[in-house]
Structures are given as structure tokens and as C-alpha cells.
Amino acid sequence: QGGTGRATAENPNRQTIEQLQKMCDYYGLTKNEWRHRAYLKIIGVLKKLDWKVCTYDEAIRLPGVGVRLAKKIEEIVLTGRLKRLDYTNKEPADIAMQLFVKIYGVGPCLGNHWAWQLGYRTLEDLKANVKLTDNQKMGIDRYDDLNTRIPRDEVSALGEIVKSASAVIDSDVQVIIGGSYRRGAANSGDIDCLITKRGTKRESDLLPFLDRLTNHLTNSKFLVYAVATPSKTGSKWHGCCVLPGPQKQVWRRIDFLLVPETQLGAALIYFTGDDLFNRSIRLLAGKKGWRLNQRGLYKNVMKDAQRVKVTDGELMEGADEKRIFELMGVPYRPSEHRIC
Ligand code: DCP
Ligand code: MG
Ligand code: MN
């Protein structure tokens, strides 16, 4: 059957996609990775179809669709909604759970414990009854700020402040904003600043600079919070910043990621993402018997009988992003096109 040749603005599966997206968001939020990915996949498939999937039999033939998902798709077509979603939304513990996992630094285990085991329902419940860490207190105090996406213009403006401070401290340092911003997103969850410097080979080469940068930006009241991390040796700094000016100050999450010049290409790939893109490109490296991580592309990685890596292998490329794509045999993808 040929296509109609007519460009339709409306996707025939729009309603189904909308309902499945809610399930997808729920599984994403509760870190149910396996289901989350299954939903992302079927949503991707439906977005490309030019015909409406109406029945169980049609749905079950689509790639990645099992019995349960096929039933859900038919249910949406028949009733316009999903019963499972109503249940999800009505259960008080589930609502509380979804509230809690959006606190910065609170994962699904803790959220589940507070909501289901201890029966807490509100942020006030937590403040009154739970011994919270400093990070969790901050996450609750700044709950609304940190759950608001950052408009692209503001990411640019905040990034410029980091760039000019860096230039003053050390003109050999380069700051690149990665993450969703580098993928061209209209808004971002946080600001991912990759920090690199000419001639650096190890992350530790950049630690003195990081110290000066964070001190400087804290004194200038740009950085307003440093997230406490268990290890002091890390190559990352997490915190919050605000845009200076007379407007109401909204706290934004910012990450500084130290990257030696020799690893910049691999780090750019990793910290640009998205995470599904990373997963698939790493899988591809694995199929070739190679290994790709945020430091480089390696070959001859030795594994023991349990398939646990015993050596890093031989570095093929680390510094040049395009060269890594080339070696992998995948056409270079501009950063705005790395959403799977
Ligand atoms: N990353 C990854 N796997 C993870 C977390 C992160 O591969 N589990 C990589 C890909 C991400 C990048 O790090 O793009 C930055 O992580 P963020 O959590 O900041 O995610 P994004 O910047 O992509 O999205 P957001 O706009 O929500 O910050
Ligand atoms: Mg980000
Ligand atoms: Mn980040």
C-alpha cells in the first residue's frame, strides 16, 4: 500500500503517543530504566508511522512491542486513556513518591522508603520528621527552582560568566557548554561546563584551576551552593549558581567537568549525549571488540573469564571528537542530532 503523498500535520497516533509518554515519564522519574527505554522505543516507532495503530494485532507486530504494551495501545484507542495511569496518579503514596524523587539528590530507593514505608506525603513531612542531609535540605528549599528547566538564553548567559571568569584566571583554559545545550535544546535541566586546558594530560592538572575558579565565582556571588560529594579527588564539581541582576534569583544547577586536552574528544561525546546515544555508540564499540568511555576509544581491551575488564587496552583516539566517529565507522553527527 503506497503512502497518500499528503503531508499531514497531525500524527495519526498522536493520542496514543500522548498517553504512552505519560507512562514513559513515570518510569523515567522512578528510574525504571528498562521500562523507560521500552516506552521511548515504541514512542519513536509510532512517531514515524503514517497510519494509525488501532488493534492489539497491529500493535504486537511492531518492533519491541510485547503483549502488555500491545494491550495498552489497544486500550488507549478504545477508551482514549489508560487505566494504569489513573491508578498511578491516584495512589497517595505514589503521588508522594513522584514528589520526593524530584528533590535534588533523592533517588527512587529513598523516595520509595519515605513514601511507602514511612508514609510521608509532603515536603513539610520530610522537613519535620526526617534527618536530612545538607544536599537534601537544599533540594527541598529550592525545589521549585531546581525543577524548572533553564531557557537556552539563560544557559548562554550563565555560561558566559564562567567563560569570562576562566579567561581572567588562565587564558589557556577553554570552557565548552555540553549536555542538552550542545544538542541544541531550547531549555536545559542544568549547565554542563567542560573545562579543558592546553597541554593537560590528567584531570589532576586542572584541579588548581578548578579551585581558583570556584573561589572566584563564589566570591562574586555567582555560585551559591556547592554540593557535598563523598570523594575529594573527583574530576567534577556540582553546585548551584544564579544570574546576577535585579530580577528574582532562580537557583540553577551547574556542573564543572574537568577534561584533559588528550581526552577532550571522548569527553565531548560523553557529555553531549544524550544518554541513549551514548549507550548505543558504546554498544557499537563493544561489538567491534573496542571500548569507548569518556576518556577515549580503546582496542585490545583484555577481559577475564567473567568478562570483567582487566586492562584499559590500547588508546586509539581520545582528543579528537570527529576522529572517534571516523574510527567507529559512523558518519559524524553534529551535536544537535544526537537524540536517539
Ligand atoms: N550522561 C550519560 N548517562 C547518564 C548521565 C549523563 O551518558 N546516566 C551524559 C549524557 C548527558 C550528559 O552526560 O547528555 C549530561 O548529563 P545531564 O544529566 O546534565 O543531561 P543532559 O544535559 O543531557 O539533559 P538536561 O537538560 O536534563 O541536563
Ligand atoms: Mg545537562
Ligand atoms: Mn549535568
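- If you look the chain up in an unreviewed UniProt entry, it shows as DNA polymerase lambda from Calycina marina.

### Focus on the overall build of the chain
Phase 1 of the analysis: Each helix and strand in the chain was counted, giving 16 helices and 10 strands.
Phase 2 of the analysis: Every one of the 340 residues in the chain was classed for burial, and the buried ones make up 26%.
Phase 3 of the analysis: The long-range share in the chain, meaning contacts at least 24 apart out of those at least 6 apart in sequence, stands at 54%.

### Remarks on the environment of Leu 258
Phase 1 of the analysis: Tracing the chain through its elements places Leu 258 in strand β7 (residues 252-258).
Phase 2 of the analysis: Owing to 24 C-beta atoms within 10 Å, Leu 258 belongs among the buried residues under this scheme.
Phase 3 of the analysis: A sequence separation of 47 residues divides Leu 258 from Ala 305, and the C-alpha atoms of the two residues are 34 Å apart.
Phase 4 of the analysis: With sequence-adjacent residues up to four places away left out, Leu 258 is seen in contact with Ile 195, Glu 203, Leu 206, Leu 210 and Ser 235.

### As for the site of ligand 1
Phase 1 of the analysis: In the neighbourhood of ligand 1, 13 residues make up the surrounding shell, with Gly 179, Ser 180, Gly 189, Gly 273 and Asp 275 lying closest.
Phase 2 of the analysis: At the level of elements, α12 (179-182), α14 (264-272) and α15 (275-287) are the ones that each hand at least two residues to the shell around ligand 1.
Phase 3 of the analysis: Ranked by the residues each element gives to the shell around ligand 1, the list is headed by α14, at 3 residues.
Phase 4 of the analysis: The class makeup of the residues in the shell around ligand 1 is 2 nonpolar, 7 polar and 4 charged.

### So, the UniProt feature "active site" (unreviewed entry) in the chain
Phase 1 of the analysis: Mapped onto this structure's residue numbering, the UniProt feature "active site" (unreviewed entry) falls at Lys 72.
Phase 2 of the analysis: Along the chain, Lys 72 falls in helix α4 (residues 67-79).

### Re the packing of helix α6 (residues 92-100) against helix α7 (residues 108-117)
Phase 1 of the analysis: In the contact formed by α6 and α7, the axes pass within 8 Å of each other and the chain directions differ by 150 degrees. In this view, α6 runs roughly antiparallel relative to α7, as classed from their interaxial angle. For the crossing formed where α6 meets α7, the hand is right-handed. Taking contact as the criterion, the partners of Ala 93, Ala 96, Met 97 and Phe 100 in α6 are, on α7, Gly 111, Asn 112, Trp 114, Ala 115 and Trp 116.

### Brief notes about the sheet that holds strand β10 (residues 314-317)
Phase 1 of the analysis: Spatial ordering of the open sheet is given by β8-β9-β10, a layout of 3 strands whose pairing is antiparallel. Looking at strand neighbours, the two that pair on one side only are β8 (291-292) and β10, the edges of this open sheet.
Phase 2 of the analysis: Looking at chain direction, β8 and strand β9 (residues 297-299) are connected through 2 bridges and run antiparallel. Following the sheet pairing, Leu 292 is matched in β9 by Leu 297.
Phase 3 of the analysis: With respect to the sheet, helix α16 (residues 321-328) is in contact with β9 and β10, its orientation differing from that of β10 by roughly 105 degrees.

### A short note on the environment of Gly 80
Phase 1 of the analysis: Here Gly 80 is to be found in the loop between α4 and α5 (83-90).
Phase 2 of the analysis: Distance in space between the C-alpha atoms of Gly 80 and Gln 15 is 7.4 Å, their sequence separation being 65 residues.

### Some remarks on the sheet that holds strand β2 (residues 173-177)
Phase 1 of the analysis: Within the open sheet, the 5 strands sit side by side as β2-β4-β7-β6-β5. Their pairing is mixed. A single partner strand is all that each edge strand has here, and the edge strands are β2 and β5 (223-226). Strand-to-strand twist of the sheet, defined as the mean angle between neighbouring strand axes without regard to direction, takes the value 30 degrees.
Phase 2 of the analysis: In terms of strand pairing, β5 meets strand β6 (residues 236-241) through 3 bridges, oriented antiparallel.

### Points about the confidence of the model for the chain
Phase 1 of the analysis: Per-residue confidence for the chain gives a mean pLDDT of 91; residues scoring 70 or more make up 95%.
Phase 2 of the analysis: Under a pLDDT of 50 for its full length, residues 1-8 has, in the predicted model, 1 contact with residues more than four places off or in other chains.
Phase 3 of the analysis: Our summary of model confidence lists the complex with pTM equal to 0.81 and ipTM equal to 0.98.

### A word on unusual backbone geometry
Peptide bonds are mostly trans, and most non-glycine residues show a negative phi.
Phase 1 of the analysis: Residue Asp 274 follows Gly 273 across a cis peptide bond; omega there is 5 degrees.
Phase 2 of the analysis: Note on placement: Asp 274 falls in the loop between α14 and α15.
Phase 3 of the analysis: Residue Lys 31 is not a glycine yet carries a positive backbone phi of 55 degrees.
Phase 4 of the analysis: Of the residues examined, Lys 31 has 12 C-beta atoms within 10 Å and is grouped as exposed.
Phase 5 of the analysis: In this structure, Lys 221 is a non-glycine residue whose phi angle is positive, near 70 degrees.
Phase 6 of the analysis: As for its position among the elements, Lys 221 is in the loop between α13 (207-219) and β5.
Phase 7 of the analysis: Judged by the 11 C-beta atoms lying within 10 Å of it, Lys 221 falls in the exposed class.

Conventions and cut-offs
Residues numbered from 1 in each chain as written. Chains lettered and ligands numbered in written order. Predicted model: local features only at pLDDT ≥ 70, side-chain atom pairs only at ≥ 80, totals over all residues. Helix = DSSP H or I, 4+ residues; strand = E, 2+ residues; numbered from the N terminus. Buried ≥ 20, exposed ≤ 12 C-beta atoms within 10 Å, placed from the backbone. Contact = placed C-beta atoms within 7 Å. Near = placed C-beta within 6 Å. Nonpolar A, V, L, I, M, F, W, Y, C, P; charged D, E, K, R; others polar. UniProt positions renumbered as here; feature names shortened; annotations may be inferred. Axes fitted to C-alpha atoms, helices over the stretch in contact; angles between N-to-C directions. Parallel < 35°, antiparallel > 145°, perpendicular 65-115°, else oblique. Left-handed = near helix turned anticlockwise from the far one by under 90°. Pairing = 2+ DSSP bridges. pLDDT = per-residue confidence, 0-100.

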